[in-house]
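# Survey of secondary and tertiary structure
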Amino acid sequence: MLNYPLLDVAVRTPALELRGASDVLLDRLAHVVRQGLAAADPPPYDDPMSLYESDPDVRVEKWLQSIWRGRGRVSPDAWRLYFVVLLDGEPVGVQDLIGDRFADVGTVTTFSWLSSAVRRRGVGREVRQAILHLAFEGLGAKEASSDAFVDNAGSNGVSRALGYAENGTDWATRQGEPALLQRWRLTRDAWLTQRRDDIELDGVEAARRTLSL
Ligand SMILES: CC(C)(COP(=O)(O)OP(=O)(O)OC[C@H]1O[C@@H](n2cnc3c(N)ncnc32)[C@H](O)[C@@H]1OP(=O)(O)O)[C@@H](O)C(=O)NCCC(=O)NCCS
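What counts and how
Residues numbered from 1 in each chain as written. Predicted model: local features only at pLDDT ≥ 70, side-chain atom pairs only at ≥ 80, totals over all residues. Heavy atoms only, no water. Helix = DSSP H or I, 4+ residues; strand = E, 2+ residues; numbered from the N terminus. Rg over C-alpha atoms; globule rule 2.2 N^0.38 Å. Buried < 20%, exposed > 50% of the residue type's maximum accessible area, 1.4 Å probe, protein only. Areas by Shrake-Rupley, 256 points an atom, 1.4 Å probe, with all protein chains shown as cover. Lys, Arg positive; Asp, Glu negative; His and termini not counted. Charge placed at Lys NZ, Arg CZ, Asp CG, Glu CD. Near = heavy atom within 4 Å. Polar contact = N/O pair within 3.5 Å; in protein donor to acceptor, adjacent residues only side chain to side chain. Nonpolar A, V, L, I, M, F, W, Y, C, P; charged D, E, K, R; others polar. Salt bridge = Lys/Arg side-chain N within 4 Å of Asp/Glu carboxyl O. Contact = heavy atoms within 4.5 Å. Expected span 1.5 Å × (residues − 1). Arc of directions from axis to C-beta.

When helices and strands are tallied, the chain shows 7 helices and 9 strands. What you see for the chain is a C-alpha radius of gyration of 16 Å, in line with the 17 Å of a compact globule of 213 residues. In terms of principal-axis extent, the alpha carbons of the chain reach across some 40 × 40 × 35 Å. The buried share of the chain, reckoned over its 213 residues, is 46%. Of the roughly 10700 Å² of accessible surface on the chain, 47% is carried by carbon and sulfur atoms. Where the 26 positive side-chain charges of the chain centre and where its 31 negative ones centre are 2 Å apart.

The next point concerns the site of the ligand. Lining the immediate environment of the ligand, one finds 21 residues, of which Ser112, Gly122, Gly124, Arg125 and Asn152 sit closest. In this structure, an oxygen atom belonging to the ligand sits 2.8 Å away from a main-chain N or O atom of Gly122. In the environment of the ligand, an oxygen atom lies 2.8 Å from a nitrogen or oxygen atom belonging to the backbone of Gly124. When the ligand is considered free in solution it has 930 Å² of accessible area, and contact with the protein chains removes 73% of it. If you list the elements that add at least two residues to the shell around the ligand, you get β5 (107-114), α4 (123-138) and α5 (153-161). If one sorts the elements of the shell around the ligand by residue count, α5 sits on top with 6 residues. In terms of residue class, the shell around the ligand is built from 9 nonpolar, 7 polar and 5 charged.

What follows is about the pattern of salt bridges. Once the charged atoms of two side chains with opposite charge are near each other, the side chains can pair. According to the stated counting rule, one finds 13 salt bridges in the structure shown. Residue Asp202 pairs with Arg12 through a salt bridge whose shortest N-O separation is 3.5 Å. Taken as a pair, Asp202 in strand β9 (residues 200-202) and Arg12 in strand β1 (residues 10-12) lie far apart in primary sequence, 190 residues in all. On the basis of relative accessible area, Asp202 is assigned to the partly exposed category, the value being 37%.

Relative to the assigned elements, Asp88 resides in the loop between β3 (78-87) and β4 (90-100). Owing to a relative accessible area of 78%, Asp88 belongs among the exposed residues under this scheme.

Position of Ser50 relative to the elements: it lies in the loop between α1 (23-34) and α2 (56-72). By relative accessible area, which is 11% here, Ser50 ends up buried. With residues up to four places along the chain from it excluded, the contact list for Ser50 reads Arg59, Lys62, Trp63 and Ser66.

To continue, consider α2. The end-to-end C-alpha separation of α2 is 25 Å, in line with the 24 Å expected for 17 residues at 1.5 Å each. Burial in α2 covers these residues: Arg59, Val60, Trp63, Leu64, Ile67, Gly70 and Arg71. The buried residues of α2 all sit within an arc of 130° when viewed along its axis, so they share a single face. Looking at the buried residues of α2, the elements they touch are α1, β3, β4 and β5. Here α2 starts with a cap whose side-chain oxygen sits 2.8 Å from the backbone nitrogen of Asp57, and that cap is Asp55.

This part takes up the side chain of Asp96. Tracing the backbone through its elements, the reader meets Asp96 in strand β4. Side-chain polar atoms of Asp96 contact the side chain of Arg80, separated by 2.7 Å. The residues contacting Asp96, other than those within four sequence positions of it, are Arg80, Leu81, Tyr82, Phe83, Thr109, Thr110, Phe111 and Ile131.

Okay, here's the thing in structure tokens:
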């Protein structure tokens, strides 16, 4: 058990586990970032993004710094929970849960990447279901949103497969160039129709207190 509740949350499915992104777990995941395995083609991330750094050492440093900064900013209005994805006990990616004015509107957003070594075998879908379970079941979310560049087949594929509805488009830049984002929305009612009963949550009560929920 850790002394900081937001790092002590865990989500377990029969296939994988999400654990709070402690420094120990981030350190075990860093080799994936260093090897460039968080990258994808076409580029999936909007700017600014540490994972676009070409120098592997700088990439890992900036990636860690951005997580440390984000972990330290916690208010009822704005928080971000960082998880490492463990497959057979090995760190293979990240999944974040972002609350923006959550206390007022009940919407969460998600962000994730997986090592290219484990993509396209249903892991992304399982990871998203795990984080949605935490959001809706554990934190009482009313709605989940997601967005991805229109040419990001993986992320859009996960959202489509899990019953999100299209919610318009938006512009962002990636590596300095404008690109169109597809926005998605999953309501609590839509989630309830596919709610799983084989996902376990740990450490949620303490985390809710820390988030003032
Ligand atoms: C997005 C990501 C996490 C998805 O994980 P994944 O394990 O590859 O996805 P899954 O295997 O669970 O696939 C989910 C669905 O998308 C489809 N899909 C996934 N990758 C695809 C691709 N490259 N082309 C076409 N379809 C794809 C699958 O067929 C599947 O659909 P189905 O359930 O109807 O069969 C992963 O691709 C990734 O890490 N990408 C790079 C980072 C990224 O884009 N992050 C999101 C930034 S917004």
